[in-house]
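Structural overview for review
In case you want the letters, here they are:
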Amino acid sequence: MTVGFFHRVPLDNRLDLGVDVELQPGREAVVRVAVATLWTSPEAVRPADRPALSAGADIPAWVSGLTTDQQVGDCVLSQLLLGERVLVNELRPDGWARVVAVEQPAAKLDPRGYPGWLPADQLTTVDPATGTDHPLVVDATVTGLRATPGGAMVLPGVVVGTRLVPAGPARDDWRPVRVPGQATPLWLPDSHLVPAPAASPHAEQPLAVAQRLLDVLYIWGGLSAHGIDCSGLVHLAWRRFGVLLPRDADDQAAATTPLPLGTERPGDLYFFARPGRGIHHIGIVTATPGDNGERRMLHACYRRRRVIEEPLPADRTATLVGAHRV
């Protein structure tokens, strides 16, 4: 398989500690909102997308305002989590940035990562002060960052899998963390954080994370506990453990190890394709195959518009093209 683990690229000397440098094409930046949405183009956004475009990026409000048809509109490519790195390719005068999401492999689109557009004010420059070899990972499904322990909410909607940099020891069960775009550390419950893992997880661990997202709405391109799609669910579940799976289902198939059907076990992956066409769907195996051939999986279901766990119906089984292991 060709998956990898998160690592911090050594910073060059283009930034001096404490000096504010504007976004520039050809340089890296990081996401400063809880969840940023990656768009096909600035012109593709709809009036209903306004909450996701603001400097605060209110993703719960955006999701709740979408119609059923808008939930699967093809204007959304993916989403990025707080602190996620991008390479800035272009900055437009109207406030949009064309970027490559370097932590979301997308071999068929760009060898550097997933390309798309973001509002530039949802990004900030890389701060060397946030560099560390021992980051923390959000393990709560959804949490929020506060100005002080138990104080005013500054950044709500932070989701599982977000990586944060500690800014000191815990105090009264609250932990300070450095946050992109924030001048001072913010706080969240220490119980919502775990150390970033240094080893590959057992398959049941990402499955357990995905199971916590049962009933989350299906959003095309979604990659968070506020709304998610089938390959986003797989990417996020393994991301929680530091594993860099590609973003799209067909790339995920290429990056994982095929298994003989019948040998799969919980935490493996099912892939689906119609005859003569490429892979279009992915699910996570939740049970070993039954004696009668019954298979079960957890997946973000386009038809049901939410994350569900179910036995494979006959029409799914007819398009099952393989089982793979990460």
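Note that the coordinates shown come from a computational prediction; the quantities given were computed from them, not determined experimentally.

What counts, and at which threshold
Residues numbered from 1 in each chain as written. Predicted model: local features only at pLDDT ≥ 70, side-chain atom pairs only at ≥ 80, totals over all residues. Heavy atoms only, no water. Buried < 20%, exposed > 50% of the residue type's maximum accessible area, 1.4 Å probe, protein only. Helix = DSSP H or I, 4+ residues; strand = E, 2+ residues; numbered from the N terminus. Arc of directions from axis to C-beta. Phe/Tyr/Trp six-rings, centres within 6.5 Å; stacked < 30°, edge-to-face > 60°. Lys NZ or Arg CZ within 6 Å of the ring centre and 35° of its normal. 1 Å grid on protein atoms, 1.4 Å probe; cavity = no way out; pocket = protein on both sides within 12 Å on 5 of 7 lines; lining within 4 Å. Points joined across faces, edges and corners; volume = space filled by probe spheres on them. Pairing = 2+ DSSP bridges. Axes fitted to C-alpha atoms, helices over the stretch in contact; angles between N-to-C directions. Contact = heavy atoms within 4.5 Å. Parallel < 35°, antiparallel > 145°, perpendicular 65-115°, else oblique. Left-handed = near helix turned anticlockwise from the far one by under 90°.

Once that is clear, we can look at helix α3 (residues 204–211). For α3, the complete set of buried residues consists of Pro206, Leu207, Val209 and Ala210. Down the axis of α3, the buried set is contained in an arc of 160 degrees. They therefore lie on one face.

Aromatic ring pairs are reported here in terms of the distance separating the ring centres and the angle at which the planes meet. Taken as a whole and judged by the stated rule, the model has three aromatic pairs. Between Trp39 and Trp62, the aromatic rings sit 6.0 Å apart at their centres with planes inclined by 70 degrees, giving edge-to-face as the arrangement. Pair noted here: Trp39 is in strand β3 (residues 35–39) and Trp62 is in helix α2 (residues 59–64), with a separation of 23 residues, a long-range link. The two residues Trp39 and Trp62 agree in class, both being buried. With 5.7 Å between their ring centres and 80 degrees between their planes, Tyr218 and Tyr302 make a pair best called edge-to-face. Highlighted residues: Tyr218 in the loop between α3 and β16 (223–224) and Tyr302 in the loop between β22 (296–301) and β23 (306–311), separated in sequence by 84 residues. A relative accessible area of 3% means that Tyr218 is categorised as buried. Across from the ring centre of Trp117, 5.3 Å away, lies the NZ or CZ of Arg92, which sits over that ring.

Let's shift gears to the layout of surface pockets. Estimates place the volume of the second largest pocket at around 530 Å³. Around the second largest pocket, the lining is made up of 23 residues, and of these Tyr218, Trp220, Asp229, Cys230 and His280 lie nearest the centre. At three residues, the largest contribution of residues to the lining of the second largest pocket is made by strand β21 (residues 279–285).

Once that is clear, we can look at the sheet that holds β21. Pairing within the open sheet is antiparallel, and its six strands lie in the order β19-β24-β20-β21-β22-β23. The open sheet is flanked by β19 (257–259) and β23, the only strands paired with a single partner. The mean angle between the axes of side-by-side strands here comes to 35 degrees, regardless of whether they run parallel or antiparallel. Summarising the sheet, β21 and β22 pair through two bridges and their orientation is antiparallel. Within β22, the residue paired with Ile284 across the bridge is Leu298. Across the sheet, helix α4 (residues 230–239) touches β20 (269–273), β21, β22 and β23, and the angle it forms with β21 is around 45 degrees.

What follows concerns the pairing of β3. With five of five residues buried, β3 lies mostly within the body of the structure. Burial along β3 is two-sided: Val35, Thr37 and Trp39 facing one way and Ala36 and Leu38 facing the other are all buried.

This brings us to unusual backbone geometry. Of note in the backbone geometry, Ala57 takes a positive phi value of approximately 50 degrees without being a glycine. Note on placement: Ala57 falls in the loop between α1 (50–53) and α2. Judged by relative accessible area, Ala57 falls into the buried class, the value being 6%.

Counting buried residues in α4 gives 10 out of 10 residues, a clear majority hidden from the surface. Within α4, the full set of buried residues consists of Cys230, Ser231, Gly232, Leu233, Val234, His235, Leu236, Ala237, Trp238 and Arg239.

The next point concerns the pairing of β21. Buried residues dominate β21, accounting for five of its seven residues. Relative to β21, β20 runs antiparallel, the two sharing five bridges. Each residue of the ladder has a partner; that of Phe271, found in β21, is Ile282. Hairpin connection, β20 to β21: the antiparallel pair is bridged by five residues, and Gly276 has positive phi, about 75 degrees.

Once that is clear, we can look at the side chain of Thr143. Locating Thr143 in the fold gives a position in strand β10 (residues 142–146). Classification of Thr143 by relative accessible area gives buried; the value is 7%. If we ignore the near neighbours within four places in the chain, the residues touching Thr143 are Val138, Pro156, Gly157, Val158, Leu188, Pro189 and His192.

Two elements in contact, α3 and α4, have axes whose closest approach is 8 Å; the angle formed by their N-to-C orientations is 120 degrees. Here α4 runs oblique to α3, going by the angle between their axes. Between α3 and α4 lies a crossing whose hand is right-handed. Contacts between α3 and α4 involve Pro206, Val209 and Ala210 from the first element and Leu233, Ala237 and Trp238 from the second.

Remember that the coordinates give geometry; whether it matters functionally is a separate question.
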